[in-house]
Structure formats: C-alpha cells, structure tokens
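Each chain, letter by letter, is given below.
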Amino acid sequence: MQMIVAAAKNWAIGKDGDLLWHLPQDMKFFRRMTTGNVVVIGRKTLDSFPGGKPLKNRTNLVLTRDSAFCREGVVTVHGMDEALAALKAYEPEQIFVAGGGDIYRQFLPLCDTVYVTRVDREFPADTFFPDLDKNPEWELSYEGEQMEWEGLIFAFTTYKRKSIKVRKDDVT
C-alpha cells in the first residue's frame, strides 16, 4: 500500500479544508499514478473534489464516521477494520491513500511507499502530513529535478519504509 500527497517544506498539506496551492503538474502526476487504481480518502477530502464527486476511473474508498453517509460511485466504510477488509480485494500496489490528514496518519503504519510532491516553501496550515524526514522508519529514495510554476518551486520525491535488518543474534 502506498500514499500520495503534496506537502510544503513544513509538511503542511491543507488549510480550512482546501489545498494550499494549485500545481497542474502535481494534478497530472496524481492522475497518472492513481487512474485505474484504488484511492482511500476521508469524507472531507471527497467533499473537497469538484461537486463532491468521486474521482473518475478509480475505485474511491471513503472512510467516514457518519453511519448515514451514502454517495453514488464510492465504496463507503466506517472504520479501519472495515476499510482493511474491503482493501483485501486489491493488490497492495493498486492502493493509494490520498488524504486527508487523519486518513494519512491512520494508514501510514501500513504503507511502504509515499509519493510526495514537495513544495519548497512553508505555508500556514491547519493540516500537516507526518514529517518523514524526522521519522527513522522512512528514507528519501528518490528526488526528482526541481520545477517551477507561478513562483512555486517543487519536486516529485519518493520515500520508502526502511527494511528491518535482522541480526543473526535475534533469530538464534
């Protein structure tokens, strides 16, 4: 299972239920990576999409506490156990956790790859992604070339969960 997120230098990802910027290149990257796959999102993230409609050509799995929530074109689950049961129908490489903040925090321990569009600026925000640079379980495995759009400098990066090395003494 993997995650996909756009984060500022201070790991900010949103404010007042909205994104902090609009980067067409990031939207294209997101579409390319997730089309034909499963996106795991929270209800508020779904509501932030145009018209509150699910993403086309993807299975939209929506995690919500609202037991009455129902929206056409989505698979609705009401807790982690239910979400994980539903996700067993898919290969891990088909699953992209795509926000918001609470969903990222709940699923991060279950993921092995995080695709991060890093924006080289700090933003005031009320929603943040966990700082993978300070997390000893994660390492930056790929950093693309810096690009610019309307004054924003950004790069596509990939973080991988570090493999756990087993010492001979641990198994004997």
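It should be noted that the structure appears before, not after, this text.
Residues numbered from 1 in each chain as written. Predicted model: local features only at pLDDT ≥ 70, side-chain atom pairs only at ≥ 80, totals over all residues. Heavy atoms only, no water.

Structural notes on the pattern of salt bridges
Enumeration over the complete set of coordinates arrives at six salt bridges. Lys9 is the salt-bridge partner of Asp120, the closest N and O atoms lying 3.4 Å from each other. One end of the pair, Asp120, is in the loop between β7 (113-119) and β8 (127-128); the other, Lys9, is in the loop between β1 (2-8) and β2 (12-14), with 111 residues separating them in the sequence. Two residues, Arg118 and Asp133, come together in a salt bridge whose shortest N-O distance is 3.3 Å. On the criterion of sequence distance, the pair formed by Arg118 in strand β7 and Asp133 in the loop between β8 and β9 (138-143) is long-range, its members being 15 residues apart. In the salt-bridge network here, residues are joined through shared partners; they are Arg43, Asp47 and Arg71. (Salt bridge = Lys/Arg side-chain N within 4 Å of Asp/Glu carboxyl O. Helix = DSSP H or I, 4+ residues; strand = E, 2+ residues; numbered from the N terminus.)

So, the environment of Val97
Relative to the helices and strands, Val97 is located in strand β6 (residues 95-97). Note on Val97: relative accessible area 0%, which makes it buried. With 53 residues separating them in the primary sequence, Val97 and Lys44 have C-alpha atoms 14 Å apart. (Buried < 20%, exposed > 50% of the residue type's maximum accessible area, 1.4 Å probe, protein only.)

Quick word on the side chain of Thr34
Mapped onto the elements, Thr34 comes out in helix α1 (residues 24-34). Apart from residues no more than four positions distant in its own chain, Thr34 is found in contact with Ile4, Val39, Arg58 and Phe96. (Contact = heavy atoms within 4.5 Å.)

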